[in-house]
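For reference, the chains in residue letters:
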Amino acid sequence: MSVTPTIDQPRLTVIGTGYLGATHAICMAVLGYEVLALDRDHAKIEALAAGVVPFHEPGLPEMLRKALDSGRLRFTTDVAEVAAFGDVHFVCTGTPQLPDSLGADLSQVEEVLRSLAPYLFRPCLVVGKSTVPVGTAARLHGILQAAAPCGSDVELAWNPEFLREGHAIEDTLHPSRLVFGVVSERARRLLEDTFRPLLDAGVPTVVTDLATAELVKVAANSFLATKISFINAMAEVCETTGADVSDLASALAYDDRIGGRFLKPGLGFGGGCLPKDIRAFIHRAEELGTGQSVSFLREVDAINQRRRRRTVDLVREQAGGDLRGVRVCVLGAAFKPHSDDTRDAPALDVAAQLHAAGAHVVVFDPQAIENARRSHPQLEFAGTALEAAEGAQVVALLTEWDQFRGIDPRVLGRVVGARAVVDARNVLDAGTWRDAGWRYRALGRAAAA
Ligand SMILES: NC(=O)c1ccc[n+]([C@@H]2O[C@H](COP(=O)([O-])OP(=O)(O)OC[C@H]3O[C@@H](n4cnc5c(N)ncnc54)[C@H](O)[C@@H]3O)[C@@H](O)[C@H]2O)c1
Ligand SMILES: O=c1ccn([C@@H]2O[C@H](COP(=O)(O)OP(=O)(O)O[C@H]3O[C@H](CO)[C@@H](O)[C@H](O)[C@H]3O)[C@@H](O)[C@H]2O)c(=O)[nH]1
C-alpha cells in the first residue's frame, strides 16, 4: 500500500519513539507522509536517525531503512522544530503503572503537551495514541487550548492504538479498525486525511467522542486479559480434576462464538500493556464511582498472578520439594515470543521468585537478555539454551519461542543434571519428552500416573 504525496497531505510528527511511536512514525513515512519524530531520549533518536531500531520488532529495521531512504522520515529532539513542522502531532509516550497505586502515570503525556503547547502558533491537531484512563483527553483538551498561542485553533483528538508487539508492522499497515475520538468535524476530516491510504483500503473506522475512544482501548485489553484468565481458571480446575486444559481449550475453540484466539492456557499475560491497563481501568472506574462494574478485573489479575506462583510450585515439585541450591534452567525472558520486551514479563517474575527461594537460576532468551539483565541483575544469563541447561536439575520453559518448541529432548537430556521439565506454556509434546526419559509437568494438566 502506498500513496502519492499531494499538497494537501498533512505533515505528521510523532512524539515518543518507543515500541509504539517508532513503529507509527516509520510506517506513516512508508505510506507516503512527511514525518518528523521526536523523543527526549537522545540516544534513541541518534540510533533511529542512523537506521538502527533500538528494540526487537521483526521487519522494522528494513522498514526504517526504506523510510529513511525515501527522505520522508526525520528525527529530532527539538520540540520547537516539531511544533513548527506538524499539522498533526501524534503523542505516543508511555503511560506505565504508578509505583504506589493501580493508576496510570500520565506524567509523560502531560509533559509532552506542556512542552509543545507554547510553540503552537498555527492551527494543528494533537492526537493522543497512548492508552489513557477515560476522561484524560477532555481534561487535557482545555489545558492545551489555554496554553497554546493559537488557542482554539489547536484541538486534541484520541486515536487509540491496537498493535501487538511482534506483529507491529502488520497491525499498523492493516489494522483491524481505526477509532477516532474527536470533538469537531475539522478534527475528523484531518484524521481521515492522515489515514487516507488505510481508509481507501477498506479499514473499518469508528468516529466517536473522546471518552468512547479512550474506553474502547481499555475495554479491548480487558476483554483479551479476561479471555486468557478464563482459560487459566479452567486450567486450575483441570489440575485438581485430572482433566487436560489443552484438550478443553481445543474443544471450546471449535465453537466460533468462543473462538480459539487468546485462549492459550499457560503462564498468563504480561508485558507493557495488558497488566497495567486492566489495573488502571479498575483504578479509574473506582475514582468514577463505578468500580463494581469492572471488579471482575481484580479476579482476572489475581488468576494471572496465581499462574506464576503455580509455575514456581511445579518447579519446586520437580526439584523434590526444596529449591535451595537447585540449578534451574529458565527458557525465556521476554513477555512473549518475537519481542525483546521484558516489562512485567511472567518468565522473569517466575525466575526471580525461584531465585528468591534459593535456586540457582540460569536464563536464556533469544532476544531479551540485554533488557532482562538490566531489570534482573540478580539472575545469571547464558548465551544458548544448551548452555543454560548445563547441569540443570529442572528445565522450565516460560516463553514459547519457536526454537524452544523445537528442542530435541534427547539432545537436551545429555547436558542436564536431571531430566525434569516444566512446560509453562503447554507447547511441548508430553509423550515425546516422556519417551526420552523426562519427568514432564505442564500447567493445566495433572501429573501422569
Ligand atoms: N507497546 C505497544 O505494543 C503498545 C500498543 C498499543 C498502545 N500502546 C500504548 O502506547 C503508549 C506507549 O507505549 P510504548 O510501549 O511505546 O512505550 P515506551 O516506553 O516504549 O515508549 C515511550 C517513549 O516516550 C518517550 N518519552 C517519554 N516522555 C517524553 C517526553 N516528554 N517527550 C518526548 N518523548 C518522551 C520515552 O523516552 C520513550 O522512548 C502507552 O500508553 C502504551 O500503553 C503500546
Ligand atoms: O492465548 C493467549 C494469548 C496471549 N497470552 C499472553 O498475553 C500477553 C499479551 O499478549 P499480546 O496481546 O499478544 O501482546 P501485546 O503486544 O501486549 O498486545 C496487547 O496489548 C497492546 C497494547 O495495549 C494492544 O495494542 C494489543 O492489541 C494487545 O493484544 C503475553 O504475555 C502472552 O504470552 C496468553 O497467555 N495466552
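Residues numbered from 1 in each chain as written. Chains lettered and ligands numbered in written order. Predicted model: local features only at pLDDT ≥ 70, side-chain atom pairs only at ≥ 80, totals over all residues. Heavy atoms only, no water.

Describing the packing of aromatic side chains
Then step 1. Scanning all chains against the criterion turns up five aromatic pairs.
Then step 2. Note on Trp433 and Trp438: the rings are 4.9 Å apart at their centroids and 70° apart in plane angle, and the pair reads as edge-to-face. Here the two residues Trp433 and Trp438 agree in accessibility, since each one is buried.
Then step 3. Taken together through their ring pairs, the aromatic side chains of Phe90, Phe180 and Phe195 make up a single cluster.
Then step 4. The residue whose ring lies beneath Arg177 is Phe162, and the NZ or CZ to ring-centre distance is 3.6 Å. (Phe/Tyr/Trp six-rings, centres within 6.5 Å; stacked < 30°, edge-to-face > 60°. Buried < 20%, exposed > 50% of the residue type's maximum accessible area, 1.4 Å probe, protein only. Lys NZ or Arg CZ within 6 Å of the ring centre and 35° of its normal.)

What to know about the packing of helix 10 (residues 210-241) against helix 12 (residues 274-287)
Then step 1. Packing of helix 10 against helix 12 leaves a shortest axis separation of 9 Å and a crossing angle of 115°. With respect to the hand of their crossing, helix 10 and helix 12 are arranged in left-handed fashion. Of the residues in helix 12, those in contact with Leu215, Lys217, Val218, Asn221, Ser222, Ala225 and Ile228 of helix 10 are Leu274, Asp277, Ile278 and Phe281.
Then step 2. Its residues assigned to classes, the contact of helix 10 with helix 12 comprises seven nonpolar, two polar and two charged. (Axes fitted to C-alpha atoms, helices over the stretch in contact; angles between N-to-C directions. Helix = DSSP H or I, 4+ residues; strand = E, 2+ residues; numbered from the N terminus. Left-handed = near helix turned anticlockwise from the far one by under 90°. Contact = heavy atoms within 4.5 Å. Nonpolar A, V, L, I, M, F, W, Y, C, P; charged D, E, K, R; others polar.)

Considering the domain arrangement of the protein
Then step 1. Domain boundaries assigned for the protein yield domain 1 (12-208) and domain 2 (224-442).
Then step 2. Inter-centroid distance (C-alpha atoms) of domain 1 to domain 2 is 33 Å.
Then step 3. Taken together, the contact between domain 1 and domain 2 spans 18 residues of the former and 19 residues of the latter.
Then step 4. Here domain 1 packs against domain 2, burying approximately 1500 Å² in sum over the two surfaces, 53% of which is carbon and sulfur.
Then step 5. Per-residue buried area on domain 1 facing domain 2 is highest for His56, Leu102 and Glu165; these three make up 41% of the total on that side.
Then step 6. There are one salt bridge connecting domain 1 and domain 2.
Then step 7. The closest approach of N and O atoms between Arg343 and Glu165, which form a salt bridge, is 3.4 Å.
Then step 8. Run the count over domain 1 and domain 2 and you get 10 residue pairs in polar contact (both at pLDDT 80 or more).
Then step 9. Its residues placed into classes, the side of domain 1 that touches domain 2 shows eight nonpolar, eight polar and two charged. (Domains from an automatic or database assignment. Buried area = accessible area lost by both parts, 1.4 Å probe. Salt bridge = Lys/Arg side-chain N within 4 Å of Asp/Glu carboxyl O. Polar contact = N/O pair within 3.5 Å; in protein donor to acceptor, adjacent residues only side chain to side chain.)

Description of the site of ligand 1
Then step 1. Neighbouring ligand 1 are 27 residues, the closest being Leu20, Asp39, Lys44, Thr95 and Lys276.
Then step 2. In this structure, Thr95 approaches ligand 1 through a side-chain N or O atom, which is 2.6 Å from an oxygen atom.
Then step 3. For the shell around ligand 1, the element with the most residues is helix 5 (residues 107-116), which contributes three residues.
Then step 4. Residues of the shell around ligand 1, tallied by class, amount to eight nonpolar, nine polar and 10 charged.
Then step 5. The residues that make up the shell around ligand 1 include at least three from each of domain 1 (12-208) and domain 2 (224-442). (Near = heavy atom within 4 Å.)

Quick look at the pattern of salt bridges
Then step 1. Inspection of the entire model under this criterion finds 32 salt bridges.
Then step 2. Where Arg445 meets Asp244, a salt bridge forms, and the shortest distance between an N and an O atom there is 4.0 Å. Taken together, the positions of Arg445 in the segment after strand 14 (439-442) and Asp244 in the loop between helix 10 and helix 11 (245-253) put the pair 201 residues apart, joining distant regions of the chain.
Then step 3. Among the ionic pairs, Glu299 bridges to Arg306, the shortest N-O distance being 3.5 Å.
Then step 4. Using a relative accessible area of 29% as the deciding quantity, one classes Arg306 as partly exposed.
Then step 5. It is possible to trace a salt-bridge network through shared partners that takes in Glu239, Arg307, Arg310, Glu317 and Arg441.

Quick notes on the side chain of Asn232
Then step 1. For Asn232, the location among the structural elements is in helix 10.
Then step 2. With residues up to four places along the chain from it excluded, the contact list for Asn232 reads Lys264, Pro265, Gly266, Gly268, Ile303 and Arg307.

Here's the deal with the confidence of the model for the protein
Then step 1. On average, residues of the protein score 96 in pLDDT, and 98% of them are at 70 or above.
Then step 2. Below a pLDDT of 50 lies the segment residues 1-7, which in the model reaches 13 contacts outside its immediate sequence neighbourhood of four places, other chains included.
Then step 3. In the predicted assembly, ipTM is 0.99 and pTM is 0.96. (pLDDT = per-residue confidence, 0-100.)

A closer look at the sheet that holds strand 12 (residues 394-397)
Then step 1. Taking strand neighbours across the sheet as the criterion, the six strands line up as 11-10-9-12-13-14 in an open arrangement whose pairing is parallel. Unpaired on one side and paired on the other, strand 11 (380-381) and strand 14 mark the two borders of the sheet.
Then step 2. Two elements, strand 12 and strand 13 (residues 420-423), share three bridges in a ladder whose sense is parallel. Across the sheet, the residue bridging to Val395 is Val421, located in strand 13.
Then step 3. Here helix 13 (residues 296-318) sits on the sheet and contacts strand 9 (327-331), strand 12, strand 13 and strand 14; the angle it forms with strand 14, its principal contact strand, is near 165°.
Then step 4. Contacting strand 9 and strand 10 (360-364), helix 14 (residues 346-356) crosses the sheet at an angle of about 160° to strand 10. (Pairing = 2+ DSSP bridges.)

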